[in-house]
Structures are given as C-alpha cells and as structure tokens.
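Commentary on secondary and tertiary structure
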Amino acid sequence: MSDVLHTVENGVSWITLNRPEAMNAVTWDQRERIIALLAEASADPDVRAVVVTATGRGFCAGADLRGTPATPDERVVGDVGRMIRQGAQRFIAAVMDCEKPVIAAVNGTAAGIGAHLAFACDLVIAAEPARFIEVFARRGLVPDGGGAYLLPRLIGPQRAKELLFFGDAVTAAEARELGLVNRVVPAEELPKTAREWAERLAQGPTRALVLTKQLVNASLDTDRTAAFAAESTAQELNMTTRDAQEGVASFVERREARYEGR
C-alpha cells in the first residue's frame, strides 16, 4: 500500500500518512508526495478543503531520513542550510501556502516536524490520546520546519521557549489550553469531526476563506499600513468572485447562500 493515501470526497482532499509501523515518521518520498498533493489541491477548483491525518497510533513521529538523497562525502558550509530550506521548510510552507483551508486531524503523537506539520495547518483537531513533542533540544538540535516561527505566533514567546527548551510532551488537553489545538475529541470521533469541519469549509466561499487565510498568516509579520493595504487588495479581488456576488444576493433576498468555490 502507498505510504501516503489520497482521496477526494465531497470537495475535500484527504491526505493520510500511512506508515503506522514507524509511527508515520515522514520520509523524503512522503514529504514530496504531500507537497505535490497540496499543490494539486490549490490548483483544483473542485477541491475546497484539505485534511491531513494518519493511520495507526501516531500522527507523525518526526523525520525519517531513510530514502533521503545521498549527501556528499565531504560536507561544506551551506549544505545543511540548503537541505533545510529544500526539505523541512519547504514542507511546512506548502501547508501554510496551500490555497485551500487545511485541517490537521491529529490521531496520535506529533513530534518534531510532525508537530510543526499540525501547527502549520489552519485548524487542528486532536484525538484525546494525541501528544505534541518538541524533540529537538533532547537531541541537541535547533528546531527546524518553522517551529521557532510558528510557536511564538500561536502561544507567545515565553511558552514557546518552555516547549522548545525542555522538549516535554504536551497532551491534547494541554495543547488545547495553550491554544495549539482548536478541538479535542475522543479518538473514535476524530474522523467524523474532521469530516464535518472539512465539508462545512468545502461548502463555504472558498476564495474568501483563502484570502482570509493569507491575511491572517501575514498579519504578525507586517505593520498596520501594510496589513490594511493587503486587506483592501483582498477585498478588491474577492468582490470579483461569483461567491461574493452570491453572498450579497442571498443577504438581500433573505435566503441561504449557495457557494460554488468560484
């Protein structure tokens, strides 16, 4: 069976890590496949939401370096930085830049790059047994995959440093309290909840949601003048869509809107 399962149902692209025997530690090939599927979701007007999840007990236990292209015998300055940019950073950026809302349905342990994969998603639903672990300091490493960028924006610098410095496991309930997770559900309810959320998003005004995602993602990296300029541009772009016109018409006509994602 494929290491990455993929289906499209009711406008939702389901991307499922499928190496349960390895707690879904992500390989180079899996990473490339997921990046490609996210790009396909962005380009396909019939895909209007994405769910990233996994089989077995683990969501993603970090990076599995097996299958990584061979490195030169003698490493020179720049090799590691290039590997990170083309690997972990490109992986996380593909989630954040996906032109559709992305939900993480976290079924189990999310460690290292696996935790960052979840945090990069627009919404996070965690099963009660799920745990989030910043493993880098335990191994004498600096976090990659945008961890030091994502965590302060989600929970503030002090709490981010606590997680990154100590590498302690955070339960799903604790992650919810910190603001890392939107919803915690019993394990057996995770697929149902993820499906309900994703299909609700897939019935919404897709372009408006994506423009909103872009505004929010950029908001902490810019000043008010730039943020307001981006907002006005987003409004201008969105008002050209059929969904915006339908939304206004449905309000005037006092009926439910019927969005097409266009």
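Keep in mind the model is a prediction, meaning the values are calculated, not measured. One numbering rule holds for all chains: residues counted from 1, following each sequence as written. Local features in a predicted model are, by the rule used here, given only for residues with pLDDT of at least 70; side-chain atom pairs are given and counted only at 80 or more, and totals for whole chains, interfaces and linings are based on all residues. Side-chain measures here rest on the full set of heavy atoms in the structure, leaving out hydrogens and waters.

**Quick look at the packing of helix α8 (residues 206-219) against helix α9 (residues 224-238)**
What counts as an axis is a line fitted to C-alpha atoms, over the stretch in contact for a helix, and the angles between N-to-C directions run from 0 to 180 degrees. A run of DSSP states H or I qualifies as a helix once it reaches four residues; a run of E qualifies as a strand once it reaches two. Both are numbered from the N-terminal end. α9 packs onto α8 with a crossing angle of 170 degrees between their chain directions and a minimal axis gap of 10 Å. If you check the angle between α8 and α9, you find them roughly antiparallel. Only A230, E231, A234, L237 and N238 of α9 make contact with α8, whose side of the interface consists of R207, A208, L211 and L215. Three categories are distinguished: nonpolar for Ala, Val, Leu, Ile, Met, Phe, Trp, Tyr, Cys and Pro, charged for Asp, Glu, Lys and Arg, and polar for the others, with Gly belonging to the last. A per-class count over the contact of α8 with α9 returns six nonpolar, one polar and two charged. Should an angle fall under 35 degrees it is taken as roughly parallel, and over 145 as roughly antiparallel, whereas 65 to 115 is taken as roughly perpendicular and any remaining angle as oblique. Contacts: residue pairs with any heavy atoms within 4.5 Å of one another.

**With respect to a nonpolar patch on the surface**
A residue counts toward a patch only above 30% relative accessible area and without a salt bridge, and it is joined to like-charged neighbours within 9 Å or, for Val, Leu, Ile, Met, Phe, Trp and Tyr, to nonpolar neighbours within 5 Å. Accessible areas in this description were obtained via Shrake-Rupley with a 1.4 Å probe; residue shielding takes into account the shown protein chains only. A pairing counts as a salt bridge when a side-chain nitrogen of Lys or Arg comes within 4 Å of a carboxyl oxygen of Asp or Glu. On the surface, a cluster of nonpolar side chains totalling about 460 Å² of accessible area is made up of M239, V248, F251 and V252. Along the polypeptide, V252 turns up in helix α10 (residues 242-252).

**Some points on empty space enclosed by the protein**
A 1.4 Å probe that fits into a set of points on a 1 Å grid over the protein atoms alone but cannot get out defines a cavity; an open set with protein on both sides within 12 Å along at least five of seven lines defines a pocket, and lining residues are those with an atom within 4 Å of a point. Grid points are joined across faces, edges and corners, and a volume is the space filled by probe spheres set on the points. Overall, the coordinates contain one cavity of 30 Å³ or more when judged by the stated rule. Of the pockets and cavities examined, the largest cavity occupies roughly 50 Å³. As for the largest cavity, its lining consists of A115, F119, F132, I133, E134, L163, D168, V170 and L180. When contributions to the lining of the largest cavity are tallied by element, the ones reaching two or more residues are α3 (113-119) and β8 (131-133). Taken together, the residues that form the lining of the largest cavity break down as seven nonpolar, no polar and two charged.

**Let's talk about the pairing of strand β3 (residues 49-54)**
Note on exposure labels: buried denotes an accessible area under 20% of the residue type's maximum, exposed denotes more than 50%, and partly exposed covers the range between, all computed with a 1.4 Å probe on protein chains only. Most of β3 sits out of view: six of its six residues are buried. Burial of β3 is two-sided: the residues A49, V51 and T53 facing one way and the residues V50, V52 and A54 facing the other way are all buried. Crossover handedness is defined by viewing with both strands directed away from the observer: a clockwise path from the first strand over the helix to the second marks the crossover as right-handed. Handedness of the crossover joining strand β2 (residues 12-17) and β3 through helix α1 (residues 28-43): right-handed.

**Quick word on the sheet that holds strand β4 (residues 58-60)**
In this analysis, strands are considered paired if DSSP registers two or more bridges between them. Ordered by their spatial adjacency, four strands build an open sheet running β4-β6-β8-β9, and the pairing between neighbours is mixed. Here the strands that pair on one side only, and so sit at the sheet edges, are β4 and β9 (170-171). With two bridges connecting them, β4 and strand β6 (residues 109-111) associate as parallel partners. Considered in β6, the bridge of C60 is made with A110.

**Focus: the packing of helix α4 (residues 147-155) against helix α5 (residues 157-166)**
For the pair α4 and α5, interaxial distance at closest approach is 7 Å and the crossing angle is 130 degrees. With respect to each other, α4 and α5 are oriented oblique. For the pair α4 and α5, the crossing hand works out as right-handed. Two secondary-structure elements touch here, α4 through A148, L151, P152 and I155 and α5 through P157, R159, A160, L163 and L164. Among the residues forming the contact of α4 with α5, the class breakdown is eight nonpolar, no polar and one charged. Two helices crossing with the near one rotated counterclockwise from the far one by less than a right angle form a left-handed crossing, whereas a clockwise rotation gives a right-handed crossing.

**A closer look at the packing of aromatic side chains**
Pairs were defined over the aromatic rings of Phe, Tyr and Trp, the Trp ring being its six-membered one, requiring ring centres within 6.5 Å. Orientation was assigned from the angle between planes: stacked under 30 degrees, edge-to-face over 60, tilted for the rest. Summed over the entire model, instances satisfying the criterion amount to one aromatic pair. Both rings, one in F119 and one in F132, keep their centres 5.5 Å apart while their planes meet at 25 degrees; by these two values the pair is stacked. Of the two residues, F119 is situated in helix α3 and F132 in strand β8; the sequence distance between them amounts to 13 residues. F132 shares its class with F119; the two are buried. R224 extends its terminal NZ or CZ atom over the ring of F228, reaching a point 6.0 Å from the ring centre. In our convention, an over-ring charge means Lys NZ or Arg CZ found within 6 Å of a ring centre and within 35 degrees of that ring's normal.

Shape descriptors only; they carry no functional weight alone.
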